[in-house]
Amino acid sequence: MKKLLIQGWFCILTTLVLADERPNVLVIVADDLGYADLGFQGCKDIPTPNLDALAASGIRCTNGYVSHPFCSPTRAGLLTGRYQHRFGHENNPAYLPDDPKSGLPLDQITLPEMLKKAGYATGMVGKWHLGAHPSLHPNRRGFEEYFGFIGGGHLYDPAEPKGGDEYKVPLQFNGEPRPFDRYLTDILGREAAAYVDRHASSGKPWFLYLAFNAPHTPLSAPKELLEKFSSIQDEHRRTYAAMVHSMDAAVGETLKGLEKTRQRENTLVFFVSDNGGPHLSRRNLSDFTNNSPLRGAKGDMYEGGIRVPFLVCWPKRLKPGLYEKPVIALDFFATAAAMGGGKVPNDRKMDSVNLLPYLTGETAGNPHEVLFWRSQGPGGNYAVREGDWKLVRNGSAPAELYNLSSDVGETGNLAAQRPDKVQALTSLIDGWEKETKTPVFGGPKQGPARKKKAK
Ligand code: CA
């Protein structure tokens, strides 16, 4: 009888353990990657076999967006599931370790905080860029483990010190300095693979945020890779190509780690760039990124600033294919919450939609009826998309109207033909703007007063 009871308990315990079939969640973010600079996006001169394989085994969202045309605000939106304008995070924070206000506000609930509460292990590797004050450190914002650098970027090669002081801050693990002994992107790939390996048999699912600074400037790549791309004439494009290729290899190392530990099938992977590729002719660099067929670049309200390569891959639940309705990186939050048994906050307005029923085809409608963008605060630059219609308003210039179904390159301004649409979309922006705040901190280029404070 006693033996039977023990066996019974053992069965119940085994069932309980096996019942935790929640997926691991891996969010991979590239930095300043051109829309057309990956193989699966049509690129011919930069091989990206690992990201291509990820795309082939998942769903490519062809109308996938981020919530901002540059770094930090996009990352703030992605990690909170809310338009970052709702909490005033509309600029890149300057690197100010003594300023608790320059970064992701402490009253915002982050994706790792939400999943940690649901029983997930949480980790991050890479670029933080959400505040340099100790109270804003990733370990204080839901990440149990953090390897990376706190600022908006980092130099890549320890022997080639390019970039300002912020880019030379030591690499760290949970606040402790770590050696910078090889090409940075390789280090991030190694650390991400080590994370998935370390947590493979912990008995609980994990969340990993792998935030590359690649292929953001400074342009810097390993010499042997530059030789591999010697057929590319433009030297900036050549270095950038090597950087993108390195990032692809680091993604490959992480995915190989998942396969080796038999976690690939039940890991939900998201991949995006944080904004479009920059066009840097103003800085005496060539426009070495390619956003075609989209108009504009990083910083712009045109598609080239905000529409990005966007993948969702979960072999266990999602059949490979294309998804063409508009989705946004804000959706990672609600999707991860639904799959991980986490709670989406109900004490604040959220902008995140669980994409799973849409991606499986169970739900046919639109995840979002309208999407909004604003840069540089009230009175700055705006975009709104409703269905195929998009309105762009750059400062005080007249509004421009495009129909993206026939004109993805935003070449034919239809504002004069359709004043009704211009008016309807403008009033949508006006309504949304009432729910936003003015920026609570300035960017690094806000003037000498802030720079002085940094010292
Ligand atoms: Ca960026």
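Definitions and cut-offs
- Residues numbered from 1 in each chain as written.
- Predicted model: local features only at pLDDT ≥ 70, side-chain atom pairs only at ≥ 80, totals over all residues.
- Heavy atoms only, no water.
- Pairing = 2+ DSSP bridges.
- Helix = DSSP H or I, 4+ residues; strand = E, 2+ residues; numbered from the N terminus.
- Axes fitted to C-alpha atoms, helices over the stretch in contact; angles between N-to-C directions.
- Contact = heavy atoms within 4.5 Å.
- Donors = N, O, S within 2.8 Å, 3.2 Å for Na, K, Ca; no water.
- Tetrahedral: all angles 85-135°; square planar, octahedral: opposite > 155°, others 65-115°.
- Salt bridge = Lys/Arg side-chain N within 4 Å of Asp/Glu carboxyl O.
- Buried < 20%, exposed > 50% of the residue type's maximum accessible area, 1.4 Å probe, protein only.

Caption draft 1: Up close: the sheet that holds strand 7 (residues 176–178). Here 10 strands make up an open sheet; going across it, the order is 7-6-5-4-8-1-9-10-2-11 and the pairing mixed. Bordering the open sheet on either side are strand 7 and strand 11 (321–323), each of which pairs with just one other strand. Ignoring strand direction, the axes of neighbouring strands in this sheet form an average angle of 15°. As paired strands, strand 2 (residues 59–61) and strand 11 are joined by 3 bridges and run parallel to one another. Directly across from Cys61, in strand 11, lies its bridge partner Tyr323. Most of the contacts of helix 7 (residues 235–260) go to strand 1 (residues 24–30), to which it runs at about 175°, and overall it touches strand 1, strand 8 (206–211) and strand 9 (267–273). Strands in contact with helix 9 (residues 331–340) are strand 1, strand 9 and strand 10 (310–313); relative to strand 9, the strand with the most contacts, it is inclined by about 175°.

Caption draft 2: A look at the sheet that holds strand 14 (residues 381–386). The sheet built from 4 strands is open, its strands ordered 13-14-15-16 with antiparallel pairing. Looking at the sheet topology across the chains shown, the edges are occupied by strand 13 (370–375) and strand 16 (400–403). Averaged over all adjacent pairs, the angle separating strand axes in this sheet is 15°, with direction ignored. As paired strands, strand 13 and strand 14 are joined by 6 bridges and run antiparallel to one another. Looking across to strand 14, one finds that Arg374 is bridged to Tyr382. Helix-sheet contacts for helix 11 (residues 419–433) involve strand 13, strand 14, strand 15 (389–394) and strand 16, and the interaxial angle to strand 15 is about 65°.

Caption draft 3: Quick look at the coordination of the calcium ion. The protein atoms that coordinate the calcium ion are Asp31 (OD), Asp32 (OD), Cys71 (SG), Asp274 (OD), Asp274 (OD) and Asn275 (OD1), at distances of 2.3 to 2.6 Å. Taken together, the 6 donor atoms coordinating the calcium ion and their angles of 52 to 156° define a geometry best described as irregular. Donor residues for the calcium ion sit on one chain with the sequence pattern D-D-x38-C-x202-D-N. Of this pair, Cys71 sits in helix 3 (residues 71–80) while Asp274 sits in the loop between strand 9 and helix 8 (303–306), and the two are 203 residues apart along the sequence.

Caption draft 4: How the structure looks around the pattern of salt bridges. This model, assessed by the stated rule, comprises 22 salt bridges. Among the salt bridges present, the one from Arg307 reaches Glu303, with a minimum N-O distance of 2.7 Å. Among the salt bridges present, the one from Lys390 reaches Glu410, with a minimum N-O distance of 2.8 Å. Here the residue Lys390 occupies a position in strand 15, and Glu410 occupies one in the loop between strand 16 and helix 11, the gap between them amounting to 20 residues. Since its relative accessible area comes to 0%, Lys390 is described here as buried. Given the relative accessible area of 0%, Glu410 is considered buried.

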